[in-house]
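Understanding the architecture of this molecule
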Amino acid sequence: MAINEASPFESSEMLATFVASTPLLAESWRLCNHVNRSAIAHRSFVAEQIGRVAYVAFSGVQMVGGSDDTWRNMVPLDRIGDVAFFSCIREGEEPVMVHAGILNLFNSLLHSFQTQMLEILGNKETKSVVITGHSIGGATASLCTLWLLSYLRAISSSVSVLCITYGSPLLGNDSFSTAIFRERWSGNFCHVVSKHDIMPRLLFAPITPLTSQLNFLLQFWQLSMTSPDFGKLAVQITDREKAKLFTAVMDYLEAATQGDGEGEGESKGEVSVPILFRPFGNYLFVSEDGAVCMDSPATITKMMHLMLATGSPDCSIEDHLKYGYYVDKVSWQFLTQGNSPKQRSIPESSYEAGLELAIQSSGLANQESLIIPAMECLKTTRRMGPSPVLNAASLALSLSKVVPYRAQIEWYKALCDEHDEQVGYYDSFKSRSAKSAMKVNINRHKLARFWNDVIEMMEKNELPHDFDRRAKWVNTSHFYKLLVEPLDIAEYYRKGLHRTKGHYMENGNRERRYVMFDRWWKDRIRRDGAAEENSVRSTFASLTQDSCFWAKVEEARDWLDSVRSEKDTNKLALLWDKIEKFEVYANQLIEQKEVSKDVLAKNSSYSIWVGDLRELKQLRERLNMFPHQLTGFLDGEVVP
């Protein structure tokens, strides 16, 4: 492949082929249908184990609130309880927002879902989890999947997760979509959307003027999911109201496509409300003629518009209830391979042939006016520039160019460790006691730029999907972190940033690249086993194995200063508890020889802290022996 040759349909087509060629679509829809029909028994979700795959299906027969204030209301999402969702939000960016009603519904189900997941994960046979849902149940399934992905990452689990939704409404804003992309979770979501279904397209439009009609429509859908006969009991909306809803959604979809998803549509004078919601993950568009999959939010929006343009108000409502039919169609067509392209002309390349097949699979082949726009839409999914494999190879060459910077820092560390002043690597750099520290500081910045570029390329999916699992990059990034992060910490405290921004480990002050490298290393240990981690060292490590050790020392020094002046006995007890825990932790590292010898240098910050702690403990013991004579210590009148 030439350097600038495209890699068309890479991840999305692989996912589509995977779900269509396995029982995943059929089994997930079967459970969605089952839980929808079980809604009369008030079952919000069902779980089933099939071999090594656990399925959890959420009911679409649920209400999220339908007042004028809630249909387009969005609320921030960053964590649920103790589980943080996104680690890649950057300062100054718009916050991640999701639909308020769906988040409330998710919160009401979270405890029972967590209980169910702990049971599933406790089963040693479970290797994969598929979370699925139809309609509103699909949006709930997406939030539950995000929680599970975040939880599994926190515990370094190897269980794989896939979310398959059917006719799910949009869920979050552009920041939400971007955050999922950066976390490399897009491939964990497959949203199945039928050609004319209006539900996945509804939230592009400001539908509050039609709230009452929409409530009737939801009631019709949900009663029909429970039983086709029950749908007849719902209040029917008029043809005029259906047409008004259909036209509103079409207008705003067209505005969103012309604005390329940048915010407000301007194609029509009446379309002036911001487009709040954005697609995320992979979308598998299904029709009677096959299926086509894509993962670009702008392309997904355009395809939603083109496919809905071939429908009518009636079929846009009926299509929401036909996913069983489409799943059977897709599975059968994949098995029989009966969807060969009906070519209008002989394609010039395999890529052109792929476009022809995609147009036919989308059901647009017979719509002459839409073929060219659909072709242009599909072409935008084509990755331009070097392929991920070539990017990785090029990155290896770039790494060789920055290795000398790292070597100079290693030389500086060795020099500091052997210096007569016996202050060690960290404190030498913090005080800038040698001219060589200036050169090291420049190299530190150069290495930071290189690794930040690596992270950015990963977030843009410009590197192979297994890049963060390749031994070379995991080991190199880990060594970089152990070597250079102590210098970053030293610079942070040298500038006094802890006085205005809090300690290094607080409030997201730690650089994001180090957080990611921590995750890479922990995942590597989980995959390869902990034998290396548990091996007994015969000599002290060349680099302290906790790259944040010095940040913890700085916090411990602050605690000691607070102890000397604190008068509140409760606060004093908490401070001593923190100090004693850190003391135990540091002693464990030293006993296991997981610290570099600079930690134990005679005049290092840690050694000075140990001396100060020893003196303070002695004073504390005297105070306990003679409390009345030494009350001045409690009032901060005497400082050791």
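Residues numbered from 1 in each chain as written. Predicted model: local features only at pLDDT ≥ 70, side-chain atom pairs only at ≥ 80, totals over all residues. Heavy atoms only, no water.

In the nomenclature of an unreviewed UniProt entry, the protein is known as Lipase-like PAD4 of Arachis duranensis.

In this section: the overall build of the protein. Per the secondary structure count, the protein includes 23 helices and 11 strands. Burial analysis of the protein (640 residues in total) assigns 51% to the buried set. Of all intrachain contacts in the protein linking residues separated by at least 6 positions in sequence, the fraction that spans at least 24 positions is 76%. About 29800 Å² of surface is accessible on the protein, with carbon and sulfur atoms providing 52% of the total. (Helix = DSSP H or I, 4+ residues; strand = E, 2+ residues; numbered from the N terminus. Buried < 20%, exposed > 50% of the residue type's maximum accessible area, 1.4 Å probe, protein only. Contact = heavy atoms within 4.5 Å. Areas by Shrake-Rupley, 256 points an atom, 1.4 Å probe, with all protein chains shown as cover.)

Positive phi values are uncommon outside glycine, yet Arg184 reaches one of about 65°. Here Arg184 is to be found in the loop between helix H5 (174–182) and strand S9 (189–194).

Attention now goes to the pattern of salt bridges. One pass over the full model with this rule turns up 27 salt bridges. The salt bridge involving Arg519 is made with Glu183; its shortest N-O contact spans 3.9 Å. Remark: Glu183 occurs in the loop between H5 and S9 and Arg519 occurs in helix H18 (residues 512–528); sequence separation between them is 336 residues. Across the pair Glu491 and Lys495 runs a salt bridge whose closest N-O atoms are separated by 3.6 Å. For Lys495, a relative accessible area of 55% translates into the label exposed. Bridged by salt links that share partners, the residues Arg432, Glu491, Arg494 and Lys495 form one connected network. (Salt bridge = Lys/Arg side-chain N within 4 Å of Asp/Glu carboxyl O.)

So, about the environment of Leu77. Topologically, Leu77 is positioned in the loop between strand S3 (74–76) and strand S4 (79–80). Through-space distance from the C-alpha of Leu77 to that of Met97 is 5.6 Å; in sequence the pair is 20 residues apart. Setting aside residues up to four positions removed in sequence, Leu77 forms contacts with Phe85, Phe86, Val96, Val98, Leu103, Leu143 and Phe176.

This part is about the sheet that holds strand S2 (residues 53–58). Across the sheet, 7 strands lie side by side as S1-S2-S7-S8-S9-S10-S11; this open sheet has mixed pairing. For this open sheet the edge positions go to strand S1 (45–50) and strand S11 (290–294), each flanked by a neighbour on one side alone. In this sheet, adjacent strand axes meet at a mean angle of 20° when their direction is disregarded. Bridge count between S9 and strand S10 (residues 282–287): 5 bridges; the pairing is parallel. From the neighbouring strand, Val193 faces S10, where its bridge partner is Phe285. With respect to the sheet, helix H3 (residues 100–122) is in contact with S1, S2 and strand S7 (128–134), its orientation differing from that of S2 by roughly 170°. (Pairing = 2+ DSSP bridges. Axes fitted to C-alpha atoms, helices over the stretch in contact; angles between N-to-C directions.)

Following the sequence through the fold, Ser477 ends up in helix H16 (residues 471–494). Polar contacts involving the side chain of Ser477 include one to the main-chain carbonyl oxygen of Val474, which spans 3.0 Å. Apart from residues no more than four positions distant in its own chain, Ser477 is found in contact with Trp451, Phe517 and Trp520. (Polar contact = N/O pair within 3.5 Å; in protein donor to acceptor, adjacent residues only side chain to side chain.)

Time to look at the confidence of the model for the protein. Scored by pLDDT, the protein comes out at a mean of 83, with 81% of its residues at no less than 70. Across residues 1–10, where pLDDT falls below 50, the model places 27 contacts with residues more than four positions away in sequence or in other chains. Low pLDDT, under 50, characterises residues 261–269; the stretch is placed with 18 contacts to residues that sit more than four places away or in other chains. (pLDDT = per-residue confidence, 0-100.)

The element strand S8 (residues 160–166) is largely enclosed, with a buried count of 6 among its 7 residues. The pairing of S7 with S8 spans 7 bridges and is classified as parallel. Note that in S8 the partner of Gly133 across the bridge is Thr165. Handedness of the crossover is the feature at issue here: the chain leaves S7, passes through helix H4 (residues 136–154), returns alongside S8, and the resulting connection is right-handed. (Right-handed = clockwise from strand over helix to strand, strands pointing away.)

As judged from the 6 bridges shared by S1 and S2, these two strands associate in the antiparallel manner. From the neighbouring strand, Ala47 faces S2, where its bridge partner is Val56. What sits between the antiparallel neighbours S1 and S2 is a turn of 2 residues, in which Gly51 has the positive phi angle 65°.

Another aspect to go through is the packing of aromatic side chains. Scanning all chains against the criterion turns up 31 aromatic pairs. For the pair Tyr283 and Phe285, a centre-to-centre distance of 6.0 Å together with 35° between the ring planes defines the contact as tilted. Take Tyr283 and Phe285: they sit in the same class, and that class is buried. Aromatic pair Tyr606 and Trp609: ring centres 6.1 Å apart, planes at 25°, arrangement stacked. (Phe/Tyr/Trp six-rings, centres within 6.5 Å; stacked < 30°, edge-to-face > 60°.)

Attention now goes to the packing of H3 against H4. Interaxial distance between H3 and H4 falls to 9 Å at its minimum, and their mutual angle equals 50°. In terms of orientation, H3 lies oblique with respect to H4. Here the hand of the crossing between H3 and H4 comes out right-handed. Only Ile136, Ala139, Thr140, Leu143, Cys144, Trp147, Leu148, Tyr151 and Leu152 of H4 make contact with H3, whose side of the interface consists of Ile102, Leu103, Leu105, Phe106, Leu109, Leu110, Phe113, Gln114, Met117, Leu118 and Leu121. Within the contact of H3 with H4, the residues separate by chemical class into 18 nonpolar, 2 polar and no charged. (Parallel < 35°, antiparallel > 145°, perpendicular 65-115°, else oblique. Left-handed = near helix turned anticlockwise from the far one by under 90°. Nonpolar A, V, L, I, M, F, W, Y, C, P; charged D, E, K, R; others polar.)

With that settled, the discussion passes to the packing of helix H14 (residues 424–431) against helix H20 (residues 549–565). Across the interface, H14 lies against H20 with an axial gap of 11 Å and an inter-helix angle of 75°. In terms of orientation, H14 and H20 fall into the roughly perpendicular class. Residues Tyr426, Asp427 and Lys430 of H14 pack against Trp550, Glu554 and Arg557 of H20. Along the lines of polarity and charge, the residues of the contact of H14 with H20 split into 2 nonpolar, no polar and 4 charged.

Once that is clear, we can look at helix H15 (residues 436–459). Across its 24 residues, H15 extends 35 Å between first and last C-alpha, which sits within 8% of the 34 Å expected from 1.5 Å per residue. Where H15 terminates, the next one or two residues include Asn461, which has phi positive at roughly 60°. (Expected span 1.5 Å × (residues − 1).)

Trp147, Phe176 and Phe285 are the most contacted members of the largest nonpolar core, which has 112 residues in total. In terms of residue count, H4 provides more of this core than any other element does, 10 residues in total. In terms of nonpolar packing, the next biggest core, distinct from the first, is built from 65 residues, Tyr480, Tyr514, Trp550 and Trp609 among them. (Core = buried A, V, L, I, M, F, W, Y, C linked by side-chain atoms within 4.5 Å.)

Across its 14 residues, helix H2 (residues 24–37) extends 20 Å between first and last C-alpha, which sits within 8% of the 20 Å expected from 1.5 Å per residue. Those residues of H2 that sit buried are Leu24, Leu25, Ser28, Trp29, Leu31, Cys32, Val35 and Asn36. Looking down the long axis of H2, one finds its buried residues gathered within 160° of arc, a one-sided arrangement. (Arc of directions from axis to C-beta.)

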